[in-house]
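# Fold and contact review
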Amino acid sequence: EAQVTQNPRYLITVTGKKLTVTCSQNMNHEYMSWYRQDPGLGLRQIYYSMNVEVTDKGDVPEGYKVSRKEKRNFPLILESPSPNQTSLYFCASSYTGGDGYTFGSGTRLTVV
Amino acid sequence: SQQGEEDPQALSIQEGENATMNCSYKTSINNLQWYRQNSGRGLVHLILIRSNEREKHSGRLRVTLDTSKKSSSLLITASRAADTASYFCATDNQAGTALIFGKGTTLSVSS
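Quick caveat, the model's predicted, so the values are computed rather than measured.

Analysis parameters
- Residues numbered from 1 in each chain as written.
- Chains lettered and ligands numbered in written order.
- Predicted model: local features only at pLDDT ≥ 70, side-chain atom pairs only at ≥ 80, totals over all residues.
- Heavy atoms only, no water.
- Helix = DSSP H or I, 4+ residues; strand = E, 2+ residues; numbered from the N terminus.
- Rg over C-alpha atoms; globule rule 2.2 N^0.38 Å.
- Buried < 20%, exposed > 50% of the residue type's maximum accessible area, 1.4 Å probe, protein only.
- Contact = heavy atoms within 4.5 Å.
- Pairing = 2+ DSSP bridges.
- Axes fitted to C-alpha atoms, helices over the stretch in contact; angles between N-to-C directions.

Quick look at the overall build of chain B now. For chain B, the helix and strand inventory stands at zero helices and eleven strands. Taken from the N to the C terminus, the helices and strands of chain B come in the order β-β-β-β-β-β-β-β-β-β-β. Relative to a compact globule of 111 residues, whose C-alpha radius of gyration would be 13 Å, chain B shows 13 Å and is just as compact. A principal-axis box enclosing the C-alpha atoms of chain B has dimensions of 45 × 30 × 20 Å. Looking at chain B as a whole, 47% of its 111 residues are labelled buried. Within chain B, counting contacts between residues at least 6 apart in sequence, those at least 24 apart form 54% of the total.

Okay, the sheet that holds strand β7 (residues 65-66) of chain A next. Read from one edge of the open sheet, four strands run β1-β3-β8-β7 (chain A), paired in antiparallel fashion. Each edge of the sheet is formed by a strand with only one pairing partner; in this case those strands are β1 (4-7) and β7 of chain A.

A few words now on the sheet that holds strand β8 (residues 71-76) of chain B. Residue and element names in this part refer to chain B. The strand order across the open sheet built from five strands is β1-β3-β8-β7-β6, with neighbouring strands paired in antiparallel fashion. Looking at the sheet topology across the chains shown, the edges are occupied by β1 (5-7) and β6 (55-58). This sheet shows a mean twist of 20° between the axes of neighbouring strands, independent of strand direction. By the bridge criterion, four bridges tie β6 to strand β7 (residues 61-66) in an arrangement that is antiparallel. Each bridged residue has a counterpart across the sheet, and for Glu-55 the counterpart in β7 is Thr-64.

Written as structure tokens, this is what we have:
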């Protein structure tokens, strides 16, 4: 089944403890992206990647890192999480970035 | 940087009725997409309409696009309880590196 898989689904962590949210797609998509969704603010792009080793900032990149060493994987790294990073995170992929996205099921992160 | 604005913010209808949601955007686009999100879940791509298209159908969905008015509408015919969800329009940025989402319309279909 074509899908984007995110893990974990839920995560509660403490301020400053490094964490990684994994994202993997099995559709051979070149484009991948991370969004966060917050009440009243909607979906905002954090980072995106047009291909292996090609990443760039979205609208809200502060406090996040990404890497794209393989085409299928695009992990989101929070080096020192803070409470304002409490959010619902989505990974998405598409063939080119200009067509329909396939979204993962989301990761609900709480930073205390 | 918000591009799309959906209207209404919330819509409640009975099963069997049609639901219409509207989206307005600000800048020129290559395409406009509609997504559905069930509570707290991932977004599901419904339909994409390109800037040179005026109307598109997919099952019970009908999307129109008026680039002169910078607006789009999503019509769901013969709604079902399972259509209860939030619906988002999204437009691509000119570089094709991001989708910019509106804040969505929450549709509630009661049986």
